[in-house]
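Residues per chain are reported as follows:
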Amino acid sequence: MSELTRTETPFEADRPMSPVEMARWQNERIKDTWRVFRVMSEFVEGFERLGSVGPSVSVFGSARTPEDHPSYAQGVAVGKELADRGYAVITGGGPGIMQAANEGAHRAGGVSVGLNIALPHEQHVNPYVDAPHNLTFEFFFVRKTMFVKYAQGYIVLPGGFGTMDELFESLTLIQTKKTARFPVVLMGEAYWAGLIAWIRETLLDGGYISPEDPDLLVLTDDPSEAVDVIDRFCAEAGIAPNF
């Protein structure tokens, strides 16, 4: 039988498949069973190591931001400000804004955490992540959980798809009450102004979100004000993991 000849399958969906496609599918099913243990091990290690770090703030932004860019300096400043006020700084552990926030925390003598991800084009951990707080994940969804679990707030600087992904996932989790509410601060007024306008003029005016949803975001260019937002929230709501 030709590899391209598609026939009925033993699956519930009635889309025909070739013998090669069916074999590949079944092999992946077997791998998935064992993959569960790898997933579980990443969750256990992440919870154990980050739970011992204590109150943290996750900082996001582009990996492509050069060190001479104003946003890099802003990232260093907010990392330092967070560390000065006793928060551990969590980033994705890579270059750009992630490195900037880790650098600020490192310079201030604070706790600097990097949650790296194994990629086909390997992302190397930046030099400002504390060695004991350098974690590498195989699975994006486990890593995402760790960003949220212990963060008393998110601070989001200019970035691309990955940054937008983390931003909107946090808003979705808060909106659907799958996590406790926490502050989400956008830094870089000029960069975020268009998105804020679209949220209000298209999403809100079109009835796609609730009237209170835009208030989940705070916009500022001032690192001190960004951390003030998180301090005020912690004073009112208390400090605790988000779920």
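Shown above is the structure to which this text applies.
Residues numbered from 1 in each chain as written. Predicted model: local features only at pLDDT ≥ 70, side-chain atom pairs only at ≥ 80, totals over all residues. Heavy atoms only, no water.

Observations concerning the environment of Tyr-150
Thought 1: By the element assignment, Tyr-150 lies in the loop between helix 4 (140–149) and strand 5 (151–156).
Thought 2: Setting aside anything within four residues of it in sequence, one finds Tyr-150 in contact with Phe-47, Leu-50, Gly-51, Gly-54, Pro-55, Ser-56 and Pro-241.
Thought 3: A polar atom in the side chain of Tyr-150 sits 3.4 Å from the backbone oxygen of Phe-47. (Helix = DSSP H or I, 4+ residues; strand = E, 2+ residues; numbered from the N terminus. Contact = heavy atoms within 4.5 Å. Polar contact = N/O pair within 3.5 Å; in protein donor to acceptor, adjacent residues only side chain to side chain.)

A word on the nonpolar core
Thought 1: Residues Leu-50, Leu-115, Tyr-154, Val-156, Leu-167, Val-184 and Leu-217 are the most contacted members of the largest nonpolar core, which totals 34 residues.
Thought 2: Among the elements that line this core, the one with the most residues is helix 6 (residues 189–204), at five residues.
Thought 3: Not counting residues within four places of it along the chain, the set of residues in contact with Leu-167 comprises Val-156, Val-184, Leu-186, Trp-192, Leu-195 and Leu-217.
Thought 4: Formed by 19 residues, the second largest nonpolar core is a distinct cluster that contains Tyr-87, Ala-105, Ile-155 and Val-229. (Core = buried A, V, L, I, M, F, W, Y, C linked by side-chain atoms within 4.5 Å. Buried < 20%, exposed > 50% of the residue type's maximum accessible area, 1.4 Å probe, protein only.)

Some points on the packing of helix 1 (residues 19–51) against helix 4
Thought 1: Packing of helix 1 against helix 4 leaves a shortest axis separation of 10 Å and a crossing angle of 20°. The angle between helix 1 and helix 4 places the two elements in the roughly parallel class. In the crossing of helix 1 with helix 4, the sense of the turn from one axis to the other is right-handed. Residue-level contacts link Val-39, Glu-42, Phe-43, Gly-46, Phe-47 and Leu-50 of helix 1 to Phe-141, Val-142, Thr-145, Met-146 and Lys-149 of helix 4.
Thought 2: Of the residues belonging to the contact of helix 1 with helix 4, the class tally is seven nonpolar, two polar and two charged. (Axes fitted to C-alpha atoms, helices over the stretch in contact; angles between N-to-C directions. Parallel < 35°, antiparallel > 145°, perpendicular 65-115°, else oblique. Left-handed = near helix turned anticlockwise from the far one by under 90°. Nonpolar A, V, L, I, M, F, W, Y, C, P; charged D, E, K, R; others polar.)

A look at the packing of aromatic side chains
Thought 1: Tallied over the entire structure, the rule returns nine aromatic pairs.
Thought 2: By the ring-pair criterion, three or more aromatic residues cluster together here, those being Phe-43, Phe-47, Phe-139 and Phe-141. (Phe/Tyr/Trp six-rings, centres within 6.5 Å; stacked < 30°, edge-to-face > 60°.)

Quick notes on the pattern of salt bridges
Thought 1: Throughout the structure, instances matching the rule amount to 14 salt bridges.
Thought 2: Among the ionic pairs, Arg-85 bridges to Asp-228, the shortest N-O distance being 2.6 Å. Taken together, the residues span a long stretch of sequence, with Arg-85 in the loop between helix 2 (70–84) and strand 2 (88–91) and Asp-228 in helix 7 (residues 223–237) at a distance of 143 residues.
Thought 3: With a relative accessible area of 26%, Asp-228 lands in the partly exposed category.
Thought 4: Lys-144 is paired through a salt bridge with Glu-166; the nearest N and O atoms lie 3.8 Å apart. Here Lys-144, found in helix 4, pairs with Glu-166, found in helix 5 (residues 161–175); they are 22 residues apart in sequence, far enough to count as distant.
Thought 5: You can call Lys-144 buried: its relative accessible area is 13%.
Thought 6: Overlapping salt bridges bring together Glu-28, Lys-31, Asp-32 and Arg-35 as one network. (Salt bridge = Lys/Arg side-chain N within 4 Å of Asp/Glu carboxyl O.)

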